Amino acid sequence: MFVAELERRLDEAVPYAWAESWDNVGLLLGNRSDHVQGIAISLDPSLEAMKMAIAQSCSVLIAHHPIFFHPLKRIECSEGNGAQIAFAIRHGLSVFALHTNWDVSPDGVNATIARALSLRDAHPLIAPPSGGWGSGAFGTLPRPLPFMEYGAVIRDALHLSRIELHGEPEAPLTLLALCGGSGGGYWRDALACGAGAFFTADMKYHERLDALGAGLSLFLADHGEMERFSLSALAETVSRATEEKTVVLDAPPPAFRVI
């Protein structure tokens, strides 16, 4: 298979038209006439992920996050984006991004998390204007649980290293809303659907205060950890679409400690 054919099949499986207007998806770096020899999947197109892809004999890296969002005015090959671009070109690595189009996919970030949490009658929190399943999700818990106890359920089901809980520990919870990644701005949508709690990441201070003041409890996780959970589903989607074997890379996230 050539990279051009891979590009076409990915567009059919997770349409680029589903992406937000500000996003940057599809083939972002590479040569459409190159042969595909192995596909690697990662959350970020980091230099470490690129090196791991090459080590596993993969000529394509499909990342959730784009290698760049905006036009570059200069490329400094010793660091940052420049180092990533130089490495990919030097090793003939094609780099794709499936970002907000994967978020809204029926098999994507939010739908995958909703299934992992066994939410019943799950629906998208917001129907996207560009198509796809939708942004965020909400659904009923398999059985009512105290707020704090359900926080542990989320942590364990998604293999999170940590989760913040903002709310009354013993308050009964029956309906949950969620949004993978930066979903702080959707808290009003979570409240409107009748959810007792909202699970997301990257919530601003005043968004948190306003949500809590309106009676909405919060589960807050790390952005990357929340989205990383969907990479196995992304690999399955890519494999079905391309009939190529994919490898999910366990690329280390940036160093982080809680002290």
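Source: prediction; values computed, not measured.

**Student:** What am I meant to see in the sheet that holds strand β5 (residues 120-123) here?
**Tutor:** What holds strands together in a sheet is hydrogen bonding between their backbones, with the strands either parallel or antiparallel. Here six strands make up an open sheet; going across it, the order is β5-β6-β8-β9-β10-β7 and the pairing mixed. The sheet is open, and its two borders are formed by β5 and β7 (164-166), each paired with just one other strand. Across this sheet, the average inter-strand angle for adjacent strands is 25 degrees, counted without regard to direction. Contacts from helix α8 (residues 205-213) reach β7 and β10 (217-220), with the element oriented near 145 degrees to β10.

**Student:** What am I meant to see in the nonpolar core here?
**Tutor:** The tendency in soluble globular proteins is for nonpolar side chains to be buried side by side. With 45 residues, the main nonpolar core has Leu 117, Tyr 150, Leu 176, Phe 199 and Phe 219 as its most contacted residues. Counting residues per element, this core draws most heavily on helix α10 (residues 231-242), which supplies five residues.

**Student:** Looking at this structure, I do not really get the sheet that holds strand β1 (residues 26-29). What am I missing?
**Tutor:** Taken in spatial order, the five strands of this open sheet run β1-β4-β3-β2-β11, and their pairing is mixed. Lying at the two open borders of the sheet, with one neighbouring strand each, are β1 and β11 (246-248). Ignoring strand direction, the axes of neighbouring strands in this sheet form an average angle of 30 degrees. Examined bridge by bridge, strand β3 (residues 60-63) and strand β4 (residues 94-97) share four bridges and lie parallel to one another. Residue pairing across strands places Leu 61 opposite Val 95, the latter belonging to β4. Lying on the sheet, helix α1 (residues 3-13) is in contact with β1, β2 (39-42), β3 and β4; it crosses β4 at an angle near 10 degrees.

**Student:** Explain α10 to me, please; I cannot follow it from the model alone.
**Tutor:** Spacing of three or four residues puts side chains on the same side of an α-helix, whose turn is 3.6 residues. Its twelve residues place the ends of α10 16 Å apart at the C-alpha level, agreeing with the 16 Å of an ideal helix rising 1.5 Å per residue. When we look at burial in α10, the residues that qualify are Leu 231, Ala 233, Leu 234, Ala 235, Thr 237, Val 238 and Thr 242. Immediately beyond the C-terminal end of α10, within one or two residues, lies Glu 243, with a positive phi of roughly 60 degrees.

**Student:** Would you mind showing me how to read the environment of Val 238 here?
**Tutor:** By the secondary structure assignment, Val 238 is in helix α10. Exposure remark for Val 238: the relative accessible area of 1% places this residue in the buried category. When the C-alpha positions of Val 238 and Ile 62 are compared, they lie 9.2 Å apart, and in sequence the two are 176 residues distant. Here Val 238 is in contact with Leu 10, Ile 39, Ile 41, Ile 62, Glu 243 and Thr 246, once residues within four sequence places are set aside.

**Student:** Is there a simple way to think about the packing of α1 against α10 in this case?
**Tutor:** How two helices pack is summed up by the angle between their axes together with the distance between the axes. Put simply, α1 and α10 touch, their axes get as near as 9 Å, and they point 120 degrees apart. As far as their axial angle goes, α10 and α1 are oblique. For the pair α1 and α10, the crossing hand works out as right-handed. For the pair formed by α1 and α10, the contact residues are Leu 6, Arg 9, Leu 10 and Ala 13 on the first element and Thr 237, Val 238, Ala 241 and Thr 242 on the second. Of the residues belonging to the contact of α1 with α10, the class tally is five nonpolar, two polar and one charged.

Reading the values: rules and limits
Residues numbered from 1 in each chain as written. Predicted model: local features only at pLDDT ≥ 70, side-chain atom pairs only at ≥ 80, totals over all residues. Heavy atoms only, no water. Pairing = 2+ DSSP bridges. Helix = DSSP H or I, 4+ residues; strand = E, 2+ residues; numbered from the N terminus. Axes fitted to C-alpha atoms, helices over the stretch in contact; angles between N-to-C directions. Contact = heavy atoms within 4.5 Å. Core = buried A, V, L, I, M, F, W, Y, C linked by side-chain atoms within 4.5 Å. Buried < 20%, exposed > 50% of the residue type's maximum accessible area, 1.4 Å probe, protein only. Expected span 1.5 Å × (residues − 1). Parallel < 35°, antiparallel > 145°, perpendicular 65-115°, else oblique. Left-handed = near helix turned anticlockwise from the far one by under 90°. Nonpolar A, V, L, I, M, F, W, Y, C, P; charged D, E, K, R; others polar.

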